[in-house]
Amino acid sequence: MSGEAPLKAVIVPGNGCGDVADCNWYGWANRKLNDIPGFESRLRNMPDPITARKSIWLPFMKEKLEVDERTIIIGHSSGACAAIRYAEENKVAGIVLVGAYKSDLGDVNEAESGYFRDPWQWDKVKENCKWIVQFGSTDDPFLPWDE
């Protein structure tokens, strides 16, 4: 993996957002990151925003958001699942996971996303990332702490 510093961040939102620039903390974080000289942050409305299908989101991340080995992926909720799955197959500078989870939580929509059909390949993720940071909350109303 390249020894060069990351050039950009890509914020991958959770499913269910309309305009991601006005949803949760995404727009604020994107603006703050874009204030860093020589650094770029990308935040785009995702295709298939309700189900967040792996088969749609991962190619979008590669082809449209241009995630590469000098990119930090900041993934929230289903975006965190997408970040992990992306890093199973592709080198990235690092991933920041916010509200990540490892199962479909018994939710039909989450099951349809495709992120939970195959075992997680944690070793590949670790090989393809220089670092991983995870944020979670013991009082998250949507995700049990043991997820």
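Everything numeric here is computed off the predicted structure, so don't read it as measured data.

J.: Can you tell me about the overall build of the chain, naming the residues and giving the values?
T.: Broken down by element type, the chain carries 5 helices and 5 strands. Along the three orthogonal principal directions, the C-alpha set of the chain runs to about 40 × 35 × 30 Å. Taking the contacts inside the chain whose residues are at least 6 apart along the sequence as the reference set, 66% of them involve residues at least 24 apart. As presented, the chain carries roughly 7,800 Å² of accessible surface, and 52% of it is formed by carbon and sulfur atoms. A gap of 6 Å separates the mean positions of the 17 positive and 23 negative side-chain charges of the chain.

J.: Outline the packing of aromatic side chains, supporting the account with residue identities and numerical values.
T.: What characterises a pair of aromatic rings is the spacing of the ring centres plus the angle enclosed by the ring planes. All chains considered together, the criterion is met by 5 aromatic pairs. Where F116 meets W120, the ring centres are 6.0 Å apart and the plane angle is 70°; that geometry is what we call edge-to-face. You can call W120 buried: its relative accessible area is 16%. Among the aromatic side chains, those forming a connected cluster through ring pairs are Y101, Y115, F116, W120 and W122. In this arrangement the basic side chain of R85 is found over the ring face of W120, its NZ or CZ atom lying 3.8 Å from the centre.

The rules we used
Residues numbered from 1 in each chain as written. Predicted model: local features only at pLDDT ≥ 70, side-chain atom pairs only at ≥ 80, totals over all residues. Heavy atoms only, no water. Helix = DSSP H or I, 4+ residues; strand = E, 2+ residues; numbered from the N terminus. Contact = heavy atoms within 4.5 Å. Areas by Shrake-Rupley, 256 points an atom, 1.4 Å probe, with all protein chains shown as cover. Lys, Arg positive; Asp, Glu negative; His and termini not counted. Charge placed at Lys NZ, Arg CZ, Asp CG, Glu CD. Phe/Tyr/Trp six-rings, centres within 6.5 Å; stacked < 30°, edge-to-face > 60°. Buried < 20%, exposed > 50% of the residue type's maximum accessible area, 1.4 Å probe, protein only. Lys NZ or Arg CZ within 6 Å of the ring centre and 35° of its normal.

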